[in-house]
Amino acid sequence: MHIGMAGAGLSCAVIARELAEAGHQIEIFERRAHVAGNCHTERDEKSGVMVHIYGPHIFHTDDDEVWAYVNRFMEFKPYVNRVKATTKGQVFSLPINLHTINQFFGKTFSPSEAKAFIEQQADLSITDPQSFEEQALRFVGKDLYEAFFKGYTQKQWGVSPTELPASILKRLPVRFNYNDNYFFHKHQGMPAEGYTRMVERILDHPNIQVTLGADFSRDMIDRFDHVFYSGPVDGFYGYDLGRLPYRTLDFVRSEAEGEVQGTAVMNYCDASVPFTRITEHKHFAPWEEHDRSVCYTEYSRACSEEDIPYYPVHLTKGDAMLDQYQARAKAEPKITFVGRLGTYRYMDMDVTIRSAMDVLSLWKLNHA
Ligand code: UDP
């Protein structure tokens, strides 16, 4: 079959590779000048630092198959994400762990003491938390919520945490020990040569042709037997029902000699600080040595027509427009919508790869 694809991010790369190996001919159209979507990495010419151009990406998964998949195309170096957070004039460790709790409350609690203490802080009247705020008040209480989550979340999403789903906070663990690993997955690492090199290798197959700087338009559909579309689902329909809300990010780049903040990611949780976090990219590759440093200060704002969409914004109240776009997308006989933008989901890289694998299994069943 002759298969067309819109976008050369993780979703289409994984699907393209498997279909190419099965003998299909794949043509991919990527609007940007590079593959790998928002996990794109590029070595800064002057300092040699590998920069995560669209913000920090740390690979972590519990899925053995996905882990084996990425390791087939790239060596992964051991990497543990340990995040720091500045709030109320002090630096703390995230995710919330025993060190955070003891430092924040000025205590020397043991794990069981801390657990009992946080249970006193928690609002136990919330039995089935629906919103981000309810989830936070239920599990960490008002003081920790206001110090670490309220301001950051308002800045990141542009709406009150009372309107956001609890699922966003469920991404972060709370620990009553000193384990400060940001993730709870069994596999975690960084691609030795960056994500873009990994995606280039996935796409490196004689049956795959990638055209960069090229938009996929609806009038191209007839050229193909099937199309996988990883662009924004509302964009595919020319936004005829309106625009779905996304957050976009602005990165203010700075360079310096030596080291700037001593860690890869520092979050700024106070509402009065306009940015959400600062990333010092060289710490993502601790096996490399660089004299100079490149930092990105990250600002989040509503995504307009000219901006790159990053995060789909789901509210607890749901979105009738999204339901309509998704119903139309589902009914398309020749097009499969994939990825973060195509399915309008807040997905980590491992989930993106898993979803692509699952989409493929289903597609193969229907096209056997
Ligand atoms: N979050 C927060 N304070 C922090 C870190 C995270 O309030 O210091 C909230 C925020 O709403 C964020 C969500 O938790 O969007 C998920 O955080 P994560 O670090 O997974 O965000 P990502 O790296 O995907 O932007």
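Note that the structure is predicted; figures quoted are calculated from it, not measured.

A. Examining the pairing of strand β13 (residues 265-268) more closely. A two-sided burial pattern is seen for β13, the buried positions comprising V265 and N267 on one face and M266 and Y268 on the other. Pairing of strand β7 (residues 83-87) with β13, which is carried by three bridges, proceeds in the parallel orientation. The residue of β13 that forms the bridge with K84 is M266. Examined bridge by bridge, β13 and strand β14 (residues 277-280) share three bridges and lie antiparallel to one another. Bridged to M266 within β14 is I278.

B. Representation of the nonpolar core in the model. Ranked by internal contacts, the top residues of the largest apolar core, which has 102 residues, are M5 and F148. Among the elements that make up this core, the one with the highest residue count is helix α1 (residues 10-21) (eight residues). Discounting residues that sit within four places of it in the chain, F148 has contacts with A85, T87, F92, L94, I96, T100, F104 and C269. In terms of nonpolar packing, the next biggest core, distinct from the first, is built from six residues, M266, Y268, V273 and I278 among them.

C. Looking closely at the side chain of H205. Position of H205 relative to the elements: it lies in the loop between α7 (195-203) and β10 (208-212). Within the structure, H205 has its side chain in polar contact with the backbone nitrogen of N207 (distance 3.0 Å). Once you skip the residues sitting within four places of it in the chain, H205 turns out to touch R17, A20 and E21.

D. Region of interest: the site of the ligand. Neighbouring residues of the ligand: 17 residues in total, closest T153, Y182, N267, Y311 and Y346. With respect to the ligand, the side chain of W157 contributes an N or O atom lying 2.9 Å from an oxygen atom. Here Y182 contributes a side-chain N or O atom positioned 2.5 Å from an oxygen atom of the ligand. Look at the ligand: alone it shows 520 Å² of surface, and the protein chains cover 94% of it. Considering every element that reaches the shell around the ligand, the biggest residue donor is helix α6 (residues 141-157), with six residues.

E. Summary view of helix α9 (residues 320-331). The end-to-end C-alpha distance of α9 is 17 Å, a good match for the 16 Å that twelve residues give at a rise of 1.5 Å each. Buried within α9 are the following residues: L322, Y325 and A329. What you see down the axis of α9 is that its buried residues fit within an arc of 65 degrees, all on one side. Summarising the geometry of α9, the exposed residues directed more than 90 degrees from the buried face are A320, K330 and A331. Those residues of α9 hidden inside the fold are in contact with α8 (233-236) and β17 (335-337).

F. Just the sheet that holds strand β6 (residues 76-78), in detail. Reading across from one edge, β5-β9-β6 is the order of the three strands in this open sheet, with antiparallel pairing throughout. Bordering the open sheet on either side are β5 (59-61) and β6, each of which pairs with just one other strand. Within the sheet, the average angular offset between the axes of one strand and its neighbour, ignoring direction, is 40 degrees. Contacts from helix α2 (residues 64-73) reach β5, β6 and β9 (187-191) within the one sheet, and its direction differs from that of β5 by about 150 degrees.

G. Structural detail: the packing of helix α3 (residues 98-105) against α6. Relative orientation of the contacting elements α3 and α6 amounts to 105 degrees, with a least axis distance of 12 Å. Taken together, the axis directions place α3 and α6 in an arrangement best described as roughly perpendicular. For the pair α3 and α6, the contacting residues are T100, F104 and F105 in the first and D143, L144, A147 and F148 in the second. The class makeup of the residues in the contact of α3 with α6 is five nonpolar, one polar and one charged.

H. Fine view of empty space enclosed by the protein. If you walk through the whole model with that rule in mind, you get one cavity of 30 Å³ or more. Taken as a whole, the largest cavity holds about 80 Å³ of empty space. Lining of the largest cavity is provided by 14 residues; of these, M50, H52, P191, F284 and A285 occupy positions nearest its centre.

I. Main features of helix α5 (residues 132-139). Of the residues making up α5, those classed as buried are F132, Q135, A136 and L137. For α5, the elements touching its buried residues are α6. Looking one or two places after α5, you find G141, whose phi comes out positive at around 85 degrees.

J. Structural detail: the pattern of salt bridges. What the rule picks out here adds up to 25 salt bridges. Residue R82 pairs with D180 through a salt bridge whose shortest N-O separation is 2.5 Å. Remark: D180 occurs in the loop between α6 and β9 and R82 occurs in the loop between β6 and β7; sequence separation between them is 98 residues. For R82, a relative accessible area of 38% gives the class partly exposed. R253 serves as the salt-bridge partner of E255, at 2.9 Å between the closest nitrogen and oxygen. What you see here is one network of salt bridges that share partners, running through D44, K46, R253, E255, E257 and R292.

K. Up close: the layout of surface pockets. In this structure, the second largest pocket occupies an estimated 580 Å³ of space. The dominant element in the lining of the second largest pocket, judged by the number of residues it contributes, is helix α11 (residues 349-366), at eight residues. Per-class residue counts for the lining of the second largest pocket are nine nonpolar, eleven polar and four charged.

About the thresholds
- Residues numbered from 1 in each chain as written.
- Predicted model: local features only at pLDDT ≥ 70, side-chain atom pairs only at ≥ 80, totals over all residues.
- Heavy atoms only, no water.
- Buried < 20%, exposed > 50% of the residue type's maximum accessible area, 1.4 Å probe, protein only.
- Helix = DSSP H or I, 4+ residues; strand = E, 2+ residues; numbered from the N terminus.
- Pairing = 2+ DSSP bridges.
- Core = buried A, V, L, I, M, F, W, Y, C linked by side-chain atoms within 4.5 Å.
- Contact = heavy atoms within 4.5 Å.
- Polar contact = N/O pair within 3.5 Å; in protein donor to acceptor, adjacent residues only side chain to side chain.
- Near = heavy atom within 4 Å.
- Areas by Shrake-Rupley, 256 points an atom, 1.4 Å probe, with all protein chains shown as cover.
- Expected span 1.5 Å × (residues − 1).
- Arc of directions from axis to C-beta.
- Axes fitted to C-alpha atoms, helices over the stretch in contact; angles between N-to-C directions.
- Parallel < 35°, antiparallel > 145°, perpendicular 65-115°, else oblique.
- Nonpolar A, V, L, I, M, F, W, Y, C, P; charged D, E, K, R; others polar.
- 1 Å grid on protein atoms, 1.4 Å probe; cavity = no way out; pocket = protein on both sides within 12 Å on 5 of 7 lines; lining within 4 Å.
- Points joined across faces, edges and corners; volume = space filled by probe spheres on them.
- Salt bridge = Lys/Arg side-chain N within 4 Å of Asp/Glu carboxyl O.

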